[in-house]
Amino acid sequence: MSQLTDDVHQAVAGVLHAHGAGLLSRAVLVLEVVEEQSGELGLYVEASPADMPMWDRAGLLRYAELDLAGQVTACRIDDNAASGGEDEGDE
């Protein structure tokens, strides 16, 4: 593993452990970064372990996307139920 990957893995694992979330086995960290001088945006992707195959990285990202979509759907269902079950525009 690269030193950066080791550092990121240890930092995230420490935070998870402190909050009782369990052991960190694999991770894909995606960050949007801003170049200090130019303000240009960039994307930073780091995987742990560093030798994780690309298809595993893609699978973890897809799993996260599906989990977030499920959470958004659940929130919308809850909001709709709380408002009486009427959609906007319904008469």
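Structure: see above.
Because the structure is predicted, anything quoted here is derived from the model rather than measured. (Residues numbered from 1 in each chain as written. Predicted model: local features only at pLDDT ≥ 70, side-chain atom pairs only at ≥ 80, totals over all residues. Heavy atoms only, no water.)

Trainee: What is the right way to look at the pairing of strand 1 (residues 27-34) in this model?
Mentor: Where a strand is regular, its side chains alternate between the two sheet faces. Two strands pair when backbone bridges link them, and strand 1 and strand 2 (residues 41-48) are joined in this way by eight bridges, in the antiparallel orientation. Pairing of Leu 31 across the sheet is with Tyr 44, part of strand 2. Once strand 1 ends, the chain turns through six residues before running back antiparallel as strand 2, passing Gly 39 with a positive phi of about 80°. (Pairing = 2+ DSSP bridges. Helix = DSSP H or I, 4+ residues; strand = E, 2+ residues; numbered from the N terminus.)

Trainee: Honestly, unusual backbone geometry in this entry has me stumped. Any pointers?
Mentor: Working note: non-glycine residues mostly have negative phi, and peptide bonds are mostly trans. Here the amide bond leading from Ser 48 into Pro 49 is cis, since omega sits at 5°, within 30 degrees of zero. Here Pro 49 lies in the loop between strand 2 and helix 2 (54-82).

Trainee: I tried to follow a nonpolar patch on the surface on my own but got confused; where do I start?
Mentor: Taken together, Val 30, Leu 43, Val 45 and Leu 61 make up a surface patch of nonpolar side chains, about 350 Å² in accessible area. Position of Leu 43 among the secondary structure elements: in strand 2. (Patch = residues over 30% accessible without salt bridge, like charges linked within 9 Å, V, L, I, M, F, W, Y side chains within 5 Å. Areas by Shrake-Rupley, 256 points an atom, 1.4 Å probe, with all protein chains shown as cover. Salt bridge = Lys/Arg side-chain N within 4 Å of Asp/Glu carboxyl O.)

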